[in-house]
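# Geometric and topological summary
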Amino acid sequence: MRYWTRVIVDTLLFIAISGLLPNLFYVENIWIALVASIVLSILNIFIKPLLSLLSFPITFLTFGLFSVVINGIMLELTAVFVGTHFSFTSFGAAVIVAIILSIANTIITNQFVRERY
């Protein structure tokens, strides 16, 4: 159930961020945002660990800040797979959206999604 909660939260965040930053990030509708959220979760499962492993030295040297760039790469890959209905104006825009998405996910997860022990 936690997986689908995360997908729904990411979907809503994609819609909200595209409304907040219309000049940087475009999502056509909520269904495209849902597809993009599912694609992003699949890429995070299969591709992100490999990218994180390959970029470990630079991530170590930048005290973990390079992980934001990796998140931007993951969003750009998502845009490639989803198509023109989900796009960024530049790689910098993808990094900005990745930062906002990470902060919002942290806040939402800490406030509303409680794990059962």
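Refer to the structure presented above.
Residues numbered from 1 in each chain as written. Predicted model: local features only at pLDDT ≥ 70, side-chain atom pairs only at ≥ 80, totals over all residues. Heavy atoms only, no water.

### Some thoughts on unusual backbone geometry
Convention followed: Going along the chain from the N terminus, every DSSP run of H or I of four or more residues is numbered as a helix, and every run of E of two or more is numbered as a strand. Only protein chains enter the area calculation, which uses a 1.4 Å probe; residues under 20% of their type maximum are buried, those over 50% are exposed, and those in between are partly exposed.
A positive phi angle, close to 55°, is found at Phe63, a residue other than glycine. Turning to its location among the elements, Phe63 is positioned in the loop between helix H4 (56-61) and helix H5 (66-82). For Phe63, a relative accessible area of 77% corresponds to the exposed category.

### A few points about the nonpolar core
Here is the rule we go by: Buried residues of nine kinds, namely Ala, Val, Leu, Ile, Met, Phe, Trp, Tyr and Cys, make up a nonpolar core once their side-chain atoms join them within 4.5 Å. When checking whether two residues touch, look at their non-hydrogen atoms; a contact exists if any pair is within 4.5 Å.
In terms of nonpolar packing, the biggest core is built from 26 residues, with Phe14, Phe25, Val27, Leu75, Phe86, Phe88 and Leu101 touching the most fellow members. Those elements that place two or more of their residues in this core are helix H1 (2-20), strand E1 (25-27), helix H2 (30-46), H5, strand E2 (86-88) and helix H6 (91-112). Apart from residues lying up to four places away in sequence, Phe88 is in contact with Leu24, Phe25, Leu75, Glu76, Ala79, Ala93, Ala94 and Val97.

### Some thoughts on the packing of H2 against H5
Let me state the cut-off plainly: Note on geometry: axes are C-alpha line fits, over the in-contact stretch for helices, and angles between N-to-C directions span 0 to 180 degrees. In these notes the angle categories are as follows: under 35 degrees is roughly parallel, over 145 is roughly antiparallel, 65 to 115 is roughly perpendicular, and the rest is oblique. Helix crossings fall into two classes, left-handed where the near helix is turned counterclockwise from the far one by less than a right angle and right-handed where it is turned clockwise.
Closest axis-to-axis distance for the H2/H5 pair is 9 Å, and the angle between their directions is 125°. With respect to H5, the axis of H2 lies oblique. Like other packed secondary-structure pairs, H2 and H5 cross with a definite hand, here right-handed. Seen from H2, the contacting residues are Ile32, Val35, Ala36, Val39, Leu40, Leu43 and Asn44; seen from H5, they are Met74, Leu75, Leu77, Thr78, Phe81 and Val82.

### Focus: the packing of aromatic side chains
Formally: The aromatic pairing rule takes the rings of Phe, Tyr and Trp, using the six-membered ring of Trp, and pairs them if the centres are within 6.5 Å, calling planes under 30 degrees apart stacked, those over 60 edge-to-face and the rest tilted.
Considering all chains together, one arrives at seven aromatic pairs under this definition. With a centroid separation of 5.1 Å and an interplanar angle of 80°, the aromatic rings of Tyr3 and Trp4 are classed as edge-to-face. The class of Tyr3 is partly exposed, set by a relative accessible area of 34%. An aromatic cluster of at least three residues, connected via ring pairs, comprises Phe14, Phe25, Phe86 and Phe88.

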